[in-house]
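The primary structure of each chain is shown beneath.
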Amino acid sequence: MSYNIFFILMLTLVHSTFSSLSPPDRAALESIRDSLTDMPGSSFFSTWDFTTPDPCSTFSGLACTSLGRVTTLSLGPNLSGSLSPSISNLTHLTQLVLYPGSVTGPLPPRFDSLPLLRVISLTRNRLTGPIPNSFSSLSYLHTLDLSYNQLSGSIPHFLTTLPRLKVLVLASNQFSNNLKPVSSSLFHLDLKMNQISGQLPPAFPTTLRYLSLSSNSMQGTINALAPLTELTYIDLSINQFTGAIPNSLFGPTTSSMFLQRNNFTSISNATAISLPQGSTVDMSHNSISGELPPSLAGAESLFLNNNRFAGDIPEEYVRSLTNGTTKTLFLQHNYLTRFPWNSGSQLQDSVSLCLSYNCMETDPVVGLSTCPVEVAPLLSRPAIQCSRFYNHSSTG
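Residues numbered from 1 in each chain as written. Predicted model: local features only at pLDDT ≥ 70, side-chain atom pairs only at ≥ 80, totals over all residues. Heavy atoms only, no water.

### Details of the UniProt feature "domain: Leucine-rich repeat-containing N-terminal plant-type" (unreviewed entry) in the protein
Within this numbering scheme, the UniProt entry marks residues 23-64 as carrying the feature "domain: Leucine-rich repeat-containing N-terminal plant-type" (unreviewed entry). Along residues 23-64 one finds 40% helix and 14% strand; the C-alpha atoms at either end are 13 Å apart. (UniProt positions renumbered as here; feature names shortened; annotations may be inferred. Helix = DSSP H or I, 4+ residues; strand = E, 2+ residues; numbered from the N terminus.)

Below, the structure is given as structure tokens:
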């Protein structure tokens, strides 16, 4: 009997020694708890009872080492308050997550005391201010997601040079000024919906698979992106980019390309384009001129409307529509002259086709055209516009 009691006491001692929260981490968590509050309907902190013997096994959002050091801290969702600077005292932390809520104020300043951090995700709150310089010491950081906050200032140069960073998401903040050179071997870079201006840096990592710079104020050419042949997703929409679109961006892996609402004027060497099956390409609302490249006909969804395309529509486009390869084809608001449609052909019900406001004498697919509601009801451009366009093109 005494042996059994001794064994139970030893088990209790071992559990206490290897599972109890360390005093520095306990103090840090108490400070973090004091700075945050559950919003109405949230009960995240209901398990944070500091009188319990083993917070590591009972606190929501917590994971610890066998010695009681916090390695993962996941807070929320639906919290308000601010992030306590005491987070920097959790020196064994590898993951820091803040789920969507209404947390305000700056980022904690002393990330240099958290050298083991691999993941920081503090999304969809109301965090403000710049990214602290202490982020420069996070040499093991793999993922940084600060999206959908109110952070501001320039994107620090050191952030895009961190040696192990693969995912950087700063979308929907108030970052401004030029984008600095990117030397980290990133897979995923999302900077959309900020106030970034100026031209692209001279080079990007060729490891990129996902790139979004949408809804900023960037300008100049995009030649720096030509080497990015491994992209599967690219979104440069709603900027002020100009010049030619490199044909290398239309690679066999690029399934989504959004270049609309810029000032592009051409596609370089369009005959070399190769699109994967099921791809979406949107180059609408630019100033791209010339004939339609037959090589684009294989896209599942193709938006080339509101440009300056001219001449006959290639037969490849008609074949892609009739065989079901292309589901959406928007060519309205150009200067196209002919759609080689066979009157005996039929479109599938799932196909959306818009040819309005071009220089065709008649609509070749009356009753089949399915233009969006915002398109002007005119089937053709006024003849005087077409005449002036083609006269200018022939004399230019």
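Now that the structure has been shown, we can carry on.
### A short note on the sheet that holds strand β8 (residues 126-129)
The strand order across the open sheet formed by 10 strands is β1-β4-β6-β8-β10-β12-β14-β16-β18-β20, and the pairing between neighbours is mixed. Edge positions in the sheet fall to β1 (36-38) and β20 (263-267), since each of these pairs with one other strand and no more. Adjacent strand axes in the sheet meet at a mean angle of 15° when their direction is disregarded. Inspection of the sheet shows strand β6 (residues 102-105) paired to β8 by two bridges, in the parallel sense. Bridge pairing links T104 to R126 in β8. (Pairing = 2+ DSSP bridges. Axes fitted to C-alpha atoms, helices over the stretch in contact; angles between N-to-C directions.)

### As for the state of the cysteines
Tallied over the entire structure, the rule returns three disulfides. Across the disulfide from C56 sits C64; the S-S distance is 2.1 Å. Its torsion about the S-S bond being -90°, the disulfide of C56 and C64 is classed as left-handed. The partly exposed category is assigned to C64, whose relative accessible area is 23%. Bridging C359 to C386, the disulfide has an S-S length of 2.0 Å. Since a negative S-S torsion denotes a left-handed disulfide, the C359-C386 link at about -95° is left-handed. Here the residue C359 occupies a position in the loop between β27 (352-354) and α5 (383-395), and C386 occupies one in helix α5, the gap between them amounting to 27 residues. (Disulfide = S-S within 2.5 Å. Buried < 20%, exposed > 50% of the residue type's maximum accessible area, 1.4 Å probe, protein only.)

### Some remarks on the layout of surface pockets
Each pocket or cavity is described by its volume, and for the largest pocket that value is around 190 Å³. Lining the largest pocket are 13 residues, with H285, N305, N306, Q332 and E374 sitting closest to its centre. Tallied by class, the residues present in the lining of the largest pocket amount to four nonpolar, seven polar and two charged. (1 Å grid on protein atoms, 1.4 Å probe; cavity = no way out; pocket = protein on both sides within 12 Å on 5 of 7 lines; lining within 4 Å. Points joined across faces, edges and corners; volume = space filled by probe spheres on them. Nonpolar A, V, L, I, M, F, W, Y, C, P; charged D, E, K, R; others polar.)

### Observations concerning the environment of L304
Within the fold, L304 resides in the loop between β23 (301-303) and β24 (308-312). Distance in space between the C-alpha atoms of L304 and T370 is 15 Å, their sequence separation being 66 residues. Beyond its immediate chain neighbours, meaning those up to four positions away, L304 contacts M283, S284, L292, L296, F309, Y317, F330, L331 and N334. (Contact = heavy atoms within 4.5 Å.)

### Quick look at the side chain of T72
Summarising the element assignment, T72 is placed in strand β3 (residues 70-75). Residues in contact with T72, not counting those within four places in the same chain, are G61, L62, A63, L93, T94 and Q95.

### A few points about unusual backbone geometry
Between G76 and the following residue, P77, the backbone shows a cis peptide bond with an omega angle of 15°. Among the secondary structure elements, P77 is positioned in the loop between β3 and β4 (79-82). The phi angle at I238 is positive, at roughly 60°, despite the residue not being glycine. One can find I238 in the loop between β17 (233-235) and β18 (240-245). In this model, N306 sits at a positive phi of 60°, which is unusual for a non-glycine residue. For N306, the location among the structural elements is in the loop between β23 and β24.

### What to know about the sheet that holds strand β22 (residues 289-290)
Note on sheets: strands pair through backbone hydrogen bonds, and any given pair is parallel or antiparallel. Reading across from one edge, β22-β24-β26 is the order of the three strands in this open sheet, with parallel pairing throughout. Here the strands that pair on one side only, and so sit at the sheet edges, are β22 and β26 (335-338).

### A look at the pairing of β24
Here β22 pairs with β24 via two bridges, running parallel. Paired with G290 across the bridge in β24 is F309.

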